[in-house]
Amino acid sequence: TGKASQERLKFKESAMGPFPHDAPAAVISGDNPMGTDGFEFVEFAHPERYHPYGFFNETQMRDFYAASDLIVSRAGASSIFEIAAHGKPSILVPLAHAAQDHQRKNAYEYAGEGGAVIIEEGNLTPHILYAEIKKLMDDPEKRKRMGESAKSFARTDSAEIIAKEILKLGIH
């Protein structure tokens, strides 16, 4: 994410109160390792509950999804696919300046199926994020329904379907 996006994501626990349910949070920041230029909340909150990572390998990613009750993510196609394939409820924050507004379109298409809640980047504050996380964490039945909706959205067999169609084209 860009610097402006990171500025919005500087969550300081003193501003938002304790993280819901004292839950641990894994933060995957990609090329921006924690503490270099964004995500200051790790320094100010309860660092024992925040686990920063640059990237996950395949095994770590699988373990991450297995252990997660709720995902907060951007709304790129790959992110949404991973969340849906693992059947996880999510809060999506589309990148406001994504090319052709694709993240917002992705997010609303996906959320329309019931797997996610959307917080527009311009509306994102620590208090709003906290309230959404708390609301979902306090409602396991809603998280379950969202997870089921996520699973039904995923097309985990798409490669097989495409391969079969390609083979049909070659056999005339």
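Predicted, not measured: the structure shown is a model, and the values here were computed from it.

> Where do I start with unusual backbone geometry in this structure?
What you tend to see is this: most non-glycine residues have negative phi, and most peptide bonds are trans. Phi at Q100 is positive, roughly 50°, even though this residue is not glycine. Mapped onto the secondary structure, Q100 falls in the loop between β4 (90-92) and α6 (102-111).

> Can you walk me through the nonpolar core in this structure?
A general feature of soluble globular proteins is that nonpolar side chains tend to end up buried together. Membership of the largest hydrophobic core comes to 17 residues, with the highest contact counts inside it found for I83, L92 and Y110. At the level of secondary structure, the elements contributing two or more residues to this core comprise α4 (58-67), α5 (77-85), α6 and β5 (116-118). Beyond its immediate chain neighbours, meaning those up to four positions away, I83 contacts Y65, I71, S73, K88, S90, L92, Y110 and A150. Counting eleven residues, the second largest nonpolar core, distinct from the first, contains I91, I119, L129 and L136.

> Whenever I open this one, the confidence of the model for the protein chain confuses me. Can you help?
Low pLDDT marks stretches whose predicted atomic positions should not be read closely. Summing up the model confidence of the protein chain, the mean pLDDT is 80 and the portion of residues at 70 or higher is 70%. Throughout residues 1-17 the model reports pLDDT below 50, and contacts reaching past four residues in sequence, or to other chains, amount to 37 contacts. Under a pLDDT of 50 for its full length, residues 34-44 has, in the predicted model, 30 contacts with residues more than four places off or in other chains.

Conventions used here
Residues numbered from 1 in each chain as written. Predicted model: local features only at pLDDT ≥ 70, side-chain atom pairs only at ≥ 80, totals over all residues. Heavy atoms only, no water. Helix = DSSP H or I, 4+ residues; strand = E, 2+ residues; numbered from the N terminus. Core = buried A, V, L, I, M, F, W, Y, C linked by side-chain atoms within 4.5 Å. Buried < 20%, exposed > 50% of the residue type's maximum accessible area, 1.4 Å probe, protein only. Contact = heavy atoms within 4.5 Å. pLDDT = per-residue confidence, 0-100.

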